[in-house]
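# Observations on the three-dimensional arrangement
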Amino acid sequence: MGITRRDLLKLAGVGALGAIAFNGCRIPDRELRVESPVALPEDQVTGRDNWYATLCVQCGAGCGVLARVVEGRARKIEGNPDHPLNEGKTCARGQAAVQALYHPDRLLSPLLHGQAVDWETAMAELAGQIQQNRGRVLLATNPLRGHNALVAQTFIQSIGGTLLAYEPLEDTVLRTAVKGLFGQDTLPDYDIARARTVFSFGAGWLETWGSPVRWGRAYGAFRQGRPGQRGLFFHAEPRFSLTAANADLWLPVRPGMEGVLALAVAYVLVERGMAHPPAAAQLTGGQGLGALTAYQPERVAAAVGIPAERIREVAEVFGSQRPSLALVGGSALAHTNGLFNARAVLSLNALVDNIGREGGIRFNPPPPAGWTGVPPAPFARWRQALEEMRAGRVGLLIVRGANLIYGLPVDRGEVEEALTQVPFRVVIGPIADDMAPYGDLVLPELEALEAWGTDWPEPGPGYQTVTFQQPVVRPFRDGKAFGDILLEAGKAAGLTLPWQSMREAVQDGARRLFALRRGAVRAADEEGFFMGVLQRGGWWDPQATGQGRFTGERLPATPPAPQFAGDAQEFPFHLVPFTPLGIHDGRGAHLPWLQGLPDGTTTVAWQTWVEVNPDTARRLGLLEGEWVEVISPRGSLRALVYVHPAIPPEVVAIPVGFGHQGMGRWANGRGANVFSILAPLTDQETGAFAWAATRVRLRRTGQRQRIPKFEGVVRPVQLEERPIILVTKEA
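The following paragraphs examine the structure supplied in this document. Note that this is a predicted model, so its numbers are computed, not measured.

### Observations concerning the overall build of the chain
- Looking only at helices and strands, the chain has 22 helices and 25 strands in total.
- In terms of overall size, the chain behaves like a compact globule, its C-alpha atoms giving a radius of gyration of 26 Å where 731 residues would be expected to give roughly 27 Å.
- Across its three principal directions, the C-alpha atoms of the chain cover 80 × 60 × 55 Å.
- Split into buried and exposed, the 731 residues of the chain put 60% on the buried side.
- Relative to all contacts within the chain whose residues are 6 or more apart in sequence, the contacts with residues 24 or more apart total 74%.
- Counting every atom, the chain has about 28,000 Å² of accessible surface; 50% of that belongs to carbon and sulfur.
- Taken together, the 73 basic and 72 acidic charged side chains of the chain have centroids lying 2 Å from each other.

In structure tokens:
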């Protein structure tokens, strides 16, 4: 017998599916007595809402959120004020989780060779394939943390296959640099709120990089949280991004020269006696300023595109207005010399002696209980995986959250050839993305608001934190959680797995935390502890902080020059791809709220555009809204011209994330895929994808349309009564 509507209302009201209402948002008892749903007519809605603490998975930050549920439907997402990462704040992507839940194009049922089947048939087929392909399974996922990572690791260990995580704009370079300089396996936190000077190189920390909600909150404190003291912010990046627009001084550094700029700053610090002596001795091999001669500002100014006087000015402020903090990320790491750039920038923190100090770098400890995540594999490893597929060494490919056909910078035919050499392919996801047509078996996955899970945010807040995810509504579609699919199919195939379901795995995780007898949640027994972590949205221990020290070695006497695909004469422009606020690297392209979110500087939405300097546009005869062909050594795409007054003449910029063939009605066929024209260059030391190392040229098409943007069509001009106070870009 099916559940009645009244039953559903009762379940939703008193905590369906084991969800626990958040204490701080509980309905007053007097209202519960007056509005008891038991006494209401069947067709009358109660209007009562419940708030449930859970996890946001719309990006990789791992914020804690509260979901407002009314009549069994999720209506709104807010930040969890109790969570140490985001402290009650959230972002536009987090808000869109509700739209993802009720997306009309979510898969309705499993598909076996394109035909709808029931779950029993689908799981029997998957179990059979697992039995046939022991030792020949490749599980390709997005980067995993929490119990999804633990289940995937256990599954692969049991079957004897390979687990690889894929992320188009991987952070391999940053992880390698942090490991080499500080001996850390986890990414550090940055104490922006208590710094006096922040100098970021390519890191869009006010947009999409790292933990933007946490750092956006810290930015408010950095600027206005201390009476009489406003933090100074410098930002070096070839593109004028939203983060650059918020800086006191934007330095339009030439692509790939961020590390040289950082060491020019280091030169001034040592020269002026502002460098921490032990760190200076480590980085110069005890030779002092003579070891940094190649980075003297007057020698490198032309190469980095910043006047020597300006470099010295910034360096002296960075060295004197302490605590000072240096960040690096984004396009600064996406070059063939990316690791050099990362090491150079992060070494500035040692020179201003901020390691482990207030206003500096704070290390994050590893997750509790010996847990480990699955970070993204470098692009070079994925090329090897394609070879393994082509050679027939993969018998079963299971893909979840890894859009290989969309994001890998190799010819589409090369990826298709590799995929077709795998005898059986399984694609798991809530919606049919670009990979779905290549799946022999396509399995609908539950959204995060429907499923169990955990997460340890990375970067974390400086101490051990585990966020708990619980189902806040009944499944909107007939799907299963990723972890449940692996556990159920693995069990049916005879694998030895420690859990029967994701709920059981999460409960086991709570038991392990309870056994630690420390942290923010305490209870007399395991059951009470589990209820406690669900109520608070997680577990954290401010006393379990990370420890580390600077272990950097001598800097290279001569900087490695960045390499670019494309001759400078034939392809005169550096292409700088960037992640737009809404759809990020494409993971949010199926959501109309995120498609419609205007870019932070251009206000363009819903379409792929290319940002072009006014002088360049004038020279090429380009107008705003004109379709141009952007041509690289690897291919071409069409984009609308946006004449950007602040982008350097030798640079053009294009957002990533558009141009899907799949992902539902709002993403399919909209815009162009930038990854399709990026050259497959890699960082020389890590093998990571150098996605900012491609040159392009522009070709007019003669076609034009009105560009979809929110700003007006009249170019802003200087008003006589409102003079310019400060010009932050060199002429």
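### Re the side chain of Glu445
- Among the secondary structure elements, Glu445 is positioned in the loop between strand E16 (441–444) and strand E17 (453–455).
- Glu445 sits in the buried class, given a relative accessible area of 9%.
- Residue contacts for Glu445: discarding those within four places in its chain leaves Arg106, Arg400, Ile428, Gly429, Pro430, Lys480, Ala481 and Phe482.

### Here we look at helix H7 (residues 172–182)
- Taking burial as the measure, the 11 residues of H7 include eight buried ones, the bulk of the element.
- Taken residue by residue, H7 has Thr172, Val173, Leu174, Arg175, Ala177, Val178, Leu181 and Phe182 as its buried positions.
- Looking at the residues trailing H7, positive phi occurs at Gly183, about 70°.

### What to know about the nonpolar core
- Counting residues in each nonpolar core, the largest one holds 76 residues, and the members touching the most others are Ile192, Trp205 and Leu348.
- For this core, the element with the highest residue contribution is helix H10 (residues 258–271), accounting for 11 residues.
- If sequence neighbours within four positions are ignored, Leu348 has contacts with Phe201, Ala262, Val265, Ala266, Leu269, Phe318 and Ala326.
- Counting residues in hydrophobic clusters, the runner-up holds 54 residues, among them Val151, Phe424, Trp499 and Phe529.

### Points about the pairing of strand E6 (residues 137–141)
- Across the five residues that make up E6, a large majority, five, are buried.
- Burial of the side chains of E6 extends over both faces: Val137, Leu139 and Thr141 are buried on one face and Leu138 and Ala140 on the other.
- Here E6 pairs with strand E14 (residues 396–400) via five bridges, running parallel. Bridged to Leu139 within E14 is Ile398.
- Pairing of E6 with strand E7 (residues 162–165), which is carried by four bridges, proceeds in the parallel orientation. Following the sheet pairing, Leu138 is matched in E7 by Thr162.
- Taken together, E6, helix H6 (residues 146–159) and E7 constitute a β-α-β crossover, and its handedness is right-handed.

### So, the pairing of E16
- Taking every second residue as pointing to the same face, both faces of E16 are buried, with Leu441 and Leu443 on one and Val442 and Pro444 on the other.
- Where strand E4 (residues 111–112) meets E16, two bridges bridge the pair, whose relative direction is antiparallel. Among the inter-strand pairings, Leu112 is bridged to a residue of E16, identified as Leu441.
- For strand E15 (residues 424–429) and E16, the ladder comprises four bridges, and the chain directions are parallel. In the strand pairing of E16, Gly429 is matched with Pro444.

### As for the sheet that holds strand E9 (residues 197–201)
- Here four strands make up an open sheet; going across it, the order is E11-E10-E9-E12 and the pairing parallel. With one partner strand each, in any of the chains shown, strand E11 (249–251) and strand E12 (324–328) form the two edges of the open sheet. Within this sheet the neighbouring strands show an average axis-to-axis angle of 15°, counted without direction.
- Along the sheet face, helix H8 (residues 212–224) touches E9 and strand E10 (232–236) and points at about 130° away from the line of E10.

### Some details on the packing of helix H11 (residues 277–284) against helix H14 (residues 338–351)
- In the contact formed by H11 and H14, the axes pass within 8 Å of each other and the chain directions differ by 145°. Counting all contacts with H11, which are made through Ala279, Ala280 and Leu283, the residues of H14 involved are Ser347, Ala350 and Leu351.
- Grouping the constituent residues of the contact of H11 with H14 by class yields five nonpolar, one polar and no charged.

### Examining the packing of aromatic side chains
- One pass over the structure, following the stated rule, counts 21 aromatic pairs.
- Ring geometry for Trp371 and Trp456: centres 5.8 Å apart, planes at 15°, overall stacked. Remark: Trp456 occurs in the loop between E17 and strand E18 (463–469) and Trp371 occurs in the loop between strand E13 (361–362) and helix H15 (379–390); sequence separation between them is 85 residues.
- Given the relative accessible area of 6%, Trp456 is considered buried.
- An aromatic cluster is built from Phe199, Phe201, Phe234 and Phe318, whose rings are joined through pairwise contacts.
- Looking at Arg239, its charged tip hangs above the ring of Phe578, at a distance of 3.4 Å from the centre.

### What about the pattern of salt bridges?
- For the structure shown, the criterion picks out 45 salt bridges.
- A salt bridge links Glu458 to Arg175; the shortest N-O distance between them is 3.0 Å. Taken together, the residues Glu458 in the loop between E17 and E18 and Arg175 in helix H7 connect sequence positions 283 residues apart. Pair check on accessibility: Glu458 and Arg175 agree, each one buried.
- Overlapping salt bridges, with partners in common, bring together Arg383, Glu387, Arg390 and Glu414 in one network.

### Details of helix H20 (residues 526–536)
- Every buried residue of H20 is listed here: Phe529, Phe530, Gly532, Val533 and Leu534.
- Looking at the buried positions of H20, the neighbouring elements they touch are strand E1 (49–55), E18, helix H19 (502–516) and strand E19 (538–545).
- At the C-terminal side of H20, Gly537 shows a positive phi close to 90°.

### Focus: the state of the cysteines
- Evaluated as defined, the whole model comprises zero disulfides.
- Not part of a disulfide, Cys63 finds its nearest cysteine sulfur in Cys56, a span of 6.1 Å.
- Its relative accessible area of 8% is what places Cys63 among the buried residues.

### As for the environment of Thr496
- If you trace the backbone, Thr496 turns up in the loop between helix H18 (482–492) and H19.
- Look at Thr496 and you get exposed, because its relative accessible area is 69%.
- Distance from Thr496 to Phe155, taken between C-alpha atoms, is 8.5 Å for residues 341 residues apart in sequence.

### Some words on the sheet that holds strand E3 (residues 73–79)
- Strand order in the open sheet made by the three strands is E1-E2-E3, with antiparallel pairing throughout. Lying at the two open borders of the sheet, with one neighbouring strand each, are E1 and E3. Averaged over all adjacent pairs, the angle separating strand axes in this sheet is 30°, with direction ignored.
- Where strand E2 (residues 64–70) lies against E3, six bridges are found, and the strand directions are antiparallel. Bridge assignment links Leu66 to a residue of E3, and that residue is Glu78.

Cut-offs used in this document
Residues numbered from 1 in each chain as written. Predicted model: local features only at pLDDT ≥ 70, side-chain atom pairs only at ≥ 80, totals over all residues. Heavy atoms only, no water. Helix = DSSP H or I, 4+ residues; strand = E, 2+ residues; numbered from the N terminus. Rg over C-alpha atoms; globule rule 2.2 N^0.38 Å. Buried < 20%, exposed > 50% of the residue type's maximum accessible area, 1.4 Å probe, protein only. Contact = heavy atoms within 4.5 Å. Areas by Shrake-Rupley, 256 points an atom, 1.4 Å probe, with all protein chains shown as cover. Lys, Arg positive; Asp, Glu negative; His and termini not counted. Charge placed at Lys NZ, Arg CZ, Asp CG, Glu CD. Core = buried A, V, L, I, M, F, W, Y, C linked by side-chain atoms within 4.5 Å. Pairing = 2+ DSSP bridges. Right-handed = clockwise from strand over helix to strand, strands pointing away. Axes fitted to C-alpha atoms, helices over the stretch in contact; angles between N-to-C directions. Nonpolar A, V, L, I, M, F, W, Y, C, P; charged D, E, K, R; others polar. Phe/Tyr/Trp six-rings, centres within 6.5 Å; stacked < 30°, edge-to-face > 60°. Lys NZ or Arg CZ within 6 Å of the ring centre and 35° of its normal. Salt bridge = Lys/Arg side-chain N within 4 Å of Asp/Glu carboxyl O. Disulfide = S-S within 2.5 Å.

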